[in-house]
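Secondary and tertiary structure notes
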Amino acid sequence: MSGNQDAVPVPEPRVARFEQLAFGMFIHWGLYSQLGQGEWIQRTRRIPKEEYARLQTTFRADTFDARAIARTARRAGMGYITLTARHHDGFSLYDTRGLNRFDAVHSPAGRDLVAEFVEACRAEGILPVLYHTTLDWSREEYASDFGAYLDYLYKSVELLCTHYGPIGGLWFDGNWDRPNDDWRLDELYGMIRRLQPEALIVNNTGLGHRGELGHPEIDSVTYEQGRPKPMNRAGMKKYVAAEMCETMNDHWGIGSRDFMYKSLPHLIESLCACRKAGANYLLNVGPTAGGSIPKMQEAMLELMGDWLELNGRAIYDGRPSAVEGEGGDFALEGKDGKLYLFIHRLKIRGDSNVTVNGGGAGEKRFTGLHRPVSSIRWLDSGDLLEFQHEPSSGELRVVATGFPYGVNLVVRIAEVE
Ligand code: GLC
């Protein structure tokens, strides 16, 4: 057989669809949001279980408007949302239908918030993904009878697979808490494939094991708070996607006194860096106790949307390329033979009394481009750029102009035809 052992496998439709979405919203929201100190506060402050559980009696979800959140995501250029259906504290935003009473239905909210979420996403053309914890601080048997705990966990997941129509994916997190135990993953993943064949399966490998596959059914590897590396897929049994999730400040669940916000340039560069490696970018918001996105986060998302309106084509269509740039600059392959050059650190040109004149502009060198080039223009303005290109050596020198006065896009993208 001449079968090519080093071929890159073709992605399953669910994986190809996911990669094309490029940018998603992570939502960490639950009982802990009432304390405003992150989703781990029960653990880090050693709050007794009974005391923590009382947060259920004040959980109202009175400003949770799933439709508004889905609209915010769409406006931000995001194609999917991953919501914490159940986090480590064990509280479910969905109706556990008799499995326990520690859910939103048995709180003053009295609603199935996952149902609202899934419906709203569909109405707004957003793919709904459900985060589900695998470790659990609320269940005695997690420590005492792991087999019984897994039965409970898998019944919970089965509910999500059977009552909400087709979901985009299940995003698990917590196996890293018991790395040496048998989680019966074949059983869990087999059930999902059977009940939700279009759903992506993800299982966060955590901070210490970014980018690791873990199990052959996994559809996308995770990079928690760390920029992804390009994946060499040659010879892989199946095509696996990648995703980096990142917080806007230093917490996933709302931290009311966490002022350590990342800058908007950081977020734009993160999105670009993810795409450079062919990965998706899952940007987190931590809603308030009531369930609305904090203003600061909402504003950041809106600006990400503005940036994507100008540059989206390169982000959604762009795939890793053999063409290489220098410094932070890089290229992505687009559709129909197009190439996108991502150019960083340009400054504003104009009057030296108001701008740091022209810094960062000038010749940028790319290598590995052997096909002919007819034109290069900025994606945001359509302005043509001067260039020199030698197809035989593959060297391209393009004269990158700085931003016109009035504009600074952080990363500027040129389209090569
Ligand atoms: C970690 C944390 C968890 C958070 C997740 C997001 O696994 O335990 O709180 O939900 O990262 O990636």
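All values reported here derive from a predicted model rather than from experimental measurement. As a convention, each chain's residues are numbered from 1 in the sequence order in which they are written. Residues qualify for local features only when their pLDDT is at least 70, as the model is predicted, and side-chain atom pairs are given and counted only at 80 or more; totals for whole chains, interfaces and linings, by contrast, use all residues. Heavy atoms from the whole structure form the basis of all side-chain values; hydrogens and water molecules are not counted.

Section: the overall build of the chain
We apply this condition: Counting from the N terminus, the helices are DSSP H or I runs at least four residues long and the strands are E runs at least two residues long. It is over C-alpha atoms that the radius of gyration is taken, and the globule rule equals 2.2 Å times the number of residues to the power 0.38. Per-residue accessibility, obtained with a 1.4 Å probe over protein chains only, is compared with the maximum for each type, and a residue is labelled buried under 20%, exposed over 50%, and partly exposed between these values. Computed with a 1.4 Å probe, the accessible areas rest on the Shrake-Rupley method; for each residue, only the protein chains presented here act as cover. Residues scored as charged are limited to Lys and Arg (positive) and Asp and Glu (negative), so that His and the chain ends carry no count. Think of each charge as sitting on NZ of Lys, CZ of Arg, CG of Asp or CD of Glu.
Across its full length, the chain holds 10 helices and 16 strands. Against the compact-globule benchmark of 22 Å for 417 residues, the chain has a radius of gyration of 23 Å, which places it among compact chains. Across its three principal directions, the C-alpha atoms of the chain cover 70 × 65 × 35 Å. In the chain, buried positions account for 54% of the 417 residues. On the chain, roughly 18000 Å² of surface is accessible, and the fraction owed to carbon and sulfur atoms is 50%. Mean positive and mean negative side-chain charge positions of the chain (47 and 56 charges, respectively) differ by 1 Å.

Observations regarding the sheet that holds strand β14 (residues 387-390)
To be explicit about the condition: The rule for pairing is simple: two strands pair if DSSP sees at least two bridges between them. Lines fitted to C-alpha atoms define the axes here, with helix axes fitted over just the stretch in contact, and angles between the N-to-C directions of these axes take values from 0 to 180 degrees.
Taken together, the 3 strands give an open sheet; going across it, the order is β12-β15-β14, and neighbouring strands pair in antiparallel fashion. Only two strands of the sheet have a single partner each, and these edge strands are β12 (362-366) and β14. The sheet shows a mean angle of 15° between the axes of neighbouring strands, direction not considered. Pairing geometry for β12 and strand β15 (residues 395-400), over 5 bridges, is antiparallel. When the sheet's bridge partners are listed, glutamate 363 is paired in β15 with valine 399.

Description of the pairing of strand β7 (residues 241-246)
Basically, it comes down to this: Whether a crossover is right-handed depends on one test, that the path from the first strand over the helix to the second runs clockwise when the strands point away from the viewer.
Of all 6 residues in β7, 6 are buried; the element is thus mostly enclosed. When β7 meets strand β8 (residues 280-285), the two strands line up parallel, connected through 4 bridges. By the bridge assignment, cysteine 245 is partnered in β8 with leucine 282. You can see the chain leave β7, run along helix α9 (residues 264-276) and come back into β8, and the turn it takes is right-handed.

Examining the domain arrangement of the chain
For clarity, the cut-off: By convention here, the domain bounds are inherited from an automatic or database domain assignment. What makes two residues a contact is simply this: any of their non-hydrogen atoms within 4.5 Å. Throughout, buried area stands for the accessible area (probe radius 1.4 Å) lost by two parts on being put together, summed over both. Whenever a carboxyl oxygen of Asp or Glu lies within 4 Å of a side-chain nitrogen of Lys or Arg, that contact is scored as a salt bridge.
For the chain, the domain assignment lists domain 1 (3-317) and domain 2 (320-416). When each unit is reduced to the centre of its C-alpha atoms, the spacing between domain 1 and domain 2 is 35 Å. Contacts between the two partners involve 16 residues from domain 1 and, on the opposite side, 17 residues from domain 2. Together domain 1 and domain 2 conceal approximately 1500 Å² of surface at their shared face, both sides included; 68% is due to carbon and sulfur atoms. At the boundary of domain 1 and domain 2, one finds 2 salt bridges.

Here's the deal with α9
To keep things clear, this is the line we draw: Between the first and last residue of a helix there are one fewer steps than residues, each counted as 1.5 Å, and that sum is the expected span.
Its 13 residues place the ends of α9 18 Å apart at the C-alpha level, agreeing with the 18 Å of an ideal helix rising 1.5 Å per residue. For α9, the set of buried residues is Leu267, Ile268, Ser270, Leu271, Cys272, Ala273, Cys274 and Arg275.

A short note on the packing of aromatic side chains
Put simply, the rule is: Here the aromatic set is Phe, Tyr and Trp, taking the six-membered ring for Trp, and pairing holds for ring centres within 6.5 Å; pairs whose planes are under 30 degrees apart are stacked, those over 60 apart are edge-to-face, and all others are tilted. We call a charge positioned above a ring when the Lys NZ or Arg CZ atom is no farther than 6 Å from the ring centre and deviates by at most 35 degrees from the ring normal.
Within the structure shown, the criterion is met by 20 aromatic pairs. Relative to phenylalanine 146, the ring of tyrosine 142 lies with its centre 6.0 Å away and its plane at 75°, an arrangement referred to as edge-to-face. For the pair shown, tyrosine 142 and phenylalanine 146 are each scored as buried. With a centroid separation of 6.2 Å and 45° between ring planes, the pair formed by tyrosine 149 and tyrosine 152 is classed as tilted. Here the residue tyrosine 149 and the residue tyrosine 152 both occupy positions in helix α7 (residues 146-162), the gap between them amounting to 3 residues, near one helical turn. No difference in accessibility class separates tyrosine 149 from tyrosine 152, as the two residues are buried. Ring pairs connect the aromatic residues Trp29, Phe59, Phe64, Phe91 and Phe102, which therefore count as one cluster. Over the aromatic face of tyrosine 152 sits the side chain of arginine 139, whose NZ or CZ is 3.6 Å from the ring centroid. Between arginine 178 and the ring centre of tyrosine 142, over which it is positioned, the NZ or CZ distance is 5.2 Å.

Brief notes about the sheet that holds strand β10 (residues 330-333)
Reading across the sheet, the 5 strands line up as β9-β10-β11-β16-β13 and stay open at both edges, with antiparallel pairing between neighbours. With one partner strand each, in any of the chains shown, β9 (319-324) and β13 (376-378) form the two edges of the open sheet. Pairs of neighbouring strands in the sheet enclose a mean axial angle of 35°, with direction left out of account. Looking at chain direction, strand β11 (residues 339-344) and strand β16 (residues 411-416) are connected through 6 bridges and run antiparallel. When the sheet's bridge partners are listed, isoleucine 343 is paired in β16 with arginine 412. Of the strands in this sheet, β9, β10, β11 and β16 touch α9, which is tilted by about 60° from β10.

Remarks on the side chain of serine 33
If you trace the backbone, serine 33 turns up in the loop between β1 (23-27) and α2 (41-44). For serine 33, a relative accessible area of 4% corresponds to the buried category. Not counting residues up to four positions away in its chain, the partners in contact with serine 33 are His28, Ile254, Pro287, Thr288 and Ala289.

Re the environment of phenylalanine 342
Here phenylalanine 342 is to be found in strand β11. On a C-alpha basis, the gap between phenylalanine 342 and aspartate 329 in space is 5.5 Å, while along the polypeptide they are 13 residues apart. Not counting residues within four places of it along the chain, the set of residues in contact with phenylalanine 342 comprises Cys272, Ala314, Ile315, Asp329, Phe330, Leu332, Val411, Arg412 and Ile413.

What to know about the pattern of salt bridges
Following the criterion strictly, the structure yields 24 salt bridges and no others. Residues arginine 139 and glutamate 141 are paired through a salt bridge, measuring 3.1 Å at the closest nitrogen-oxygen approach. Classification of glutamate 141 by relative accessible area gives buried; the value is 16%. Ionic contacts of the salt-bridge type, sharing partners, join the residues Arg14, Arg193, Glu217, Asp219 and Lys238 into one network.

Brief notes about the packing of α7 against helix α8 (residues 185-195)
Worth spelling out the cut-off: The labels follow the angle: roughly parallel below 35 degrees, roughly antiparallel above 145, roughly perpendicular from 65 to 115, and oblique for the rest. Helix crossings get a hand from a simple test, with the near helix turned counterclockwise from the far one by less than a right angle marking a left-handed crossing and a clockwise turn marking a right-handed one. Following the grouping adopted for this structure description, the nonpolar residues are Ala, Val, Leu, Ile, Met, Phe, Trp, Tyr, Cys and Pro, the charged ones are Asp, Glu, Lys and Arg, and the polar ones are all others, Gly among them.
Packing of α7 against α8 brings their axes to within 10 Å, and their N-to-C directions diverge by 15°. Relative to α8, the element α7 is oriented roughly parallel. Classified by chirality, the crossing of α8 by α7 is right-handed. Seen from α7, the contacting residues are Tyr154, Val157, Glu158, Cys161 and Thr162; seen from α8, they are Leu185, Glu187, Leu188, Met191, Ile192 and Leu195. Tallied by class, the residues present in the contact of α7 with α8 amount to 8 nonpolar, 1 polar and 2 charged.

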